[in-house]
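Structure at a glance
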Amino acid sequence: MEWYRHKLTIPKGKRALFIGDLHGDTAIVDRAMLLYKNFYLVFLGDFLDSFDYGPRKQIDVLESVLSLVKQGFAYSLIGNHELSYLYPDRMKASGYNSATASLMLTHRNDMLNILKPFFVLETQDRPIVITHAGITLDYWNGLGMGDDSINARLNHLTETARNIDGRFYAVGHARGGSARVPGPMWCDWHAEFKPIEAIQQIVGHSCSWQSKTRWFKEDVWIDNLSDGMLKSQPNMPNIHKLIRMARDNGDMNIDCLQHNSVGLMYDPGMELFSPWVI
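Now for a look at the structure at hand. (Residues numbered from 1 in each chain as written. Predicted model: local features only at pLDDT ≥ 70, side-chain atom pairs only at ≥ 80, totals over all residues. Heavy atoms only, no water.)

1. Details of the overall build of the chain
When its secondary structure is counted, the chain shows seven helices and 12 strands. Classification of the 278 residues of the chain by burial places 56% in the buried group. Accessible surface for the chain amounts to roughly 12,400 Å². Of this, 51% is attributable to carbon and sulfur atoms. (Helix = DSSP H or I, 4+ residues; strand = E, 2+ residues; numbered from the N terminus. Buried < 20%, exposed > 50% of the residue type's maximum accessible area, 1.4 Å probe, protein only. Areas by Shrake-Rupley, 256 points an atom, 1.4 Å probe, with all protein chains shown as cover.)

The following block contains the structure:
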């Protein structure tokens, strides 16, 4: 199948560690490289742009991730902030600056060849699709070209991802765009994401804080400051959210790691996910 070129394969005997948006935080990459050598790292994109770290730090993160992928220690998605520098005439994310744009030029070819638009992780139950921002139900329903099978829809997803001017990269209203249906690079978890029963999803991308969940009931893994433990409970305001989950479908959104240091561990033998401090 065509979409198998985006297949996520975890080496035998290893667990995977999904790492959310880094936005220039080199310390998280350094800790992951040092402490989790027996894990296969899966980065969800958004290495560039930051209000806390300068352009050089942002490029350092990008260089580290590209190196890990080249060495066979990691997979990595591309985020909308990377796309913003690759195609500034078509889309620009918040935080874009000319200094970062200049520094990333030498990495342009590697970014295009190494960073992927999505991955598929096979399980006994149903495929797990990993994108930067999530495939919303309205987008999924438009895939397949008349064939409603999961394979046909995922094949079509590959085709749409090849066209930088196509629907895969469409920016919806919640992110200041004009598209009625956002693509998987820009979909807003709270304002636009609708779960898809046929697949489970893992996404990064900072969600809209102003928008309340409209399309699903949400649980969150939070940091209980009294005992340092991670606990799951219904969504609550004014709590530092770490990982959000669409309760009935199991989709998971990893919060920006510039705000916390918790990723998502996956054990392929047990097909089990759990929050994991990085």
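2. Some thoughts on the packing of aromatic side chains
The relation between two aromatic rings is expressed through the spacing of the ring centres and the mutual angle of the planes. Scanning all chains against the criterion turns up 12 aromatic pairs. Considering the side-chain rings of Tyr85 and Tyr96, the 4.5 Å spacing of their centres and the 20° angle between planes classify their relative orientation as stacked. Of the two residues, Tyr85 is situated in helix H3 (residues 80-86) and Tyr96 in the loop between H3 and helix H4 (98-103); the sequence distance between them amounts to 11 residues. Given a relative accessible area of 4%, Tyr85 falls into the buried group. These aromatic residues form a ring-pair network of at least three members: Phe18, Tyr266 and Phe273. Stacked on the ring of Tyr96, the Lys or Arg Lys92 has its end atom at 4.5 Å from the ring centre. (Phe/Tyr/Trp six-rings, centres within 6.5 Å; stacked < 30°, edge-to-face > 60°. Lys NZ or Arg CZ within 6 Å of the ring centre and 35° of its normal.)

3. Some points on the pattern of salt bridges
For the structure shown, the criterion picks out 12 salt bridges. Across the salt bridge formed by Arg244 and Asp255, the nearest N and O atoms sit 3.6 Å from each other. Taken together, the residues Arg244 in strand S9 (residues 241-246) and Asp255 in the loop between strand S10 (252-254) and strand S11 (262-267) connect sequence positions 11 residues apart. Its relative accessible area of 3% is what places Asp255 among the buried residues. Taken together, the salt bridges that share partners define one network made up of Arg56, Asp60 and Glu63. (Salt bridge = Lys/Arg side-chain N within 4 Å of Asp/Glu carboxyl O.)

4. Brief notes about the pairing of strand S5 (residues 128-131)
Residues Ile128 and Ile130 of S5 are buried on one face, and the alternating residues Val129 and Thr131, pointing to the opposite face, are buried as well. Looking at chain direction, strand S4 (residues 118-121) and S5 are connected through four bridges and run antiparallel. What sits directly across from Phe118, in S5, is Thr131. As consecutive antiparallel partners, S4 and S5 are separated by six residues. (Pairing = 2+ DSSP bridges.)

5. Some points on the nonpolar core
Counting 76 residues, the largest nonpolar core has Phe18 and Ile130 as the members making the most contacts within it. With seven residues, the single largest contributor to this core is helix H2 (residues 55-70). Leave out the neighbours within four places in its chain, and Phe18 touches Leu8, Val42, Leu44, Ile130, Ile202, Ile254, Gly263, Leu264, Tyr266 and Phe273. Counting residues in hydrophobic clusters, the runner-up holds eight residues, among them Cys187, Trp189, Phe216 and Ala246. (Core = buried A, V, L, I, M, F, W, Y, C linked by side-chain atoms within 4.5 Å. Contact = heavy atoms within 4.5 Å.)

6. Here we look at helix H7 (residues 150-161)
End to end, H7 covers 16 Å across 12 residues, agreeing with the expected 16 Å (1.5 Å per residue, within 8%). Across the 12 residues of H7, nine count as buried, placing the element largely inside the fold. Where H7 is buried, its residues touch S4, S5 and helix H6 (137-141). (Expected span 1.5 Å × (residues − 1).)

7. Description of helix H1 (residues 26-35)
Every buried residue of H1 is accounted for by Thr26, Ile28, Val29 and Ala32. Projected down its long axis, H1 shows its buried positions confined to an angular sector of 165°, all on one face. Residues of H1 that are exposed and point more than 90 degrees away from the buried face comprise Leu34 and Leu35. Along its buried surface, H1 packs onto strand S1 (15-19), strand S2 (39-43) and H2. The backbone nitrogen of Ala27 lies 3.2 Å from a side-chain oxygen of the residue at the head of H1, namely Asp25. (Arc of directions from axis to C-beta. Polar contact = N/O pair within 3.5 Å; in protein donor to acceptor, adjacent residues only side chain to side chain.)

8. A word on the sheet that holds strand S3 (residues 74-76)
Judged by pairing direction, the sheet is mixed, and its five strands sit side by side in the order S3-S2-S1-S11-S12 without closing on themselves. Among the strands making up the open sheet, the edge pair consists of S3 and strand S12 (272-277). With direction set aside, neighbouring strand axes in the sheet form an average angle of 25°. In this sheet, S11 lies alongside S1 in antiparallel orientation, the contact comprising three bridges. Counterpart to Leu17 in the pairing with S11 is Met265. Docked against the sheet, H2 engages S2 and S3, running at close to 125° with respect to S3. (Axes fitted to C-alpha atoms, helices over the stretch in contact; angles between N-to-C directions.)

9. Observations regarding unusual backbone geometry
As a rule of thumb, non-glycine residues mostly have phi less than zero, and peptide bonds are mostly trans rather than cis. At Asp46, a residue that is not glycine, the phi angle is positive and equals roughly 60°. With respect to the helices, strands and loops of the structure, Asp46 is situated in the loop between S2 and H2. Positive phi outside glycine occurs at Glu271, with the angle close to 50°. By the element assignment, Glu271 lies in the loop between S11 and S12.

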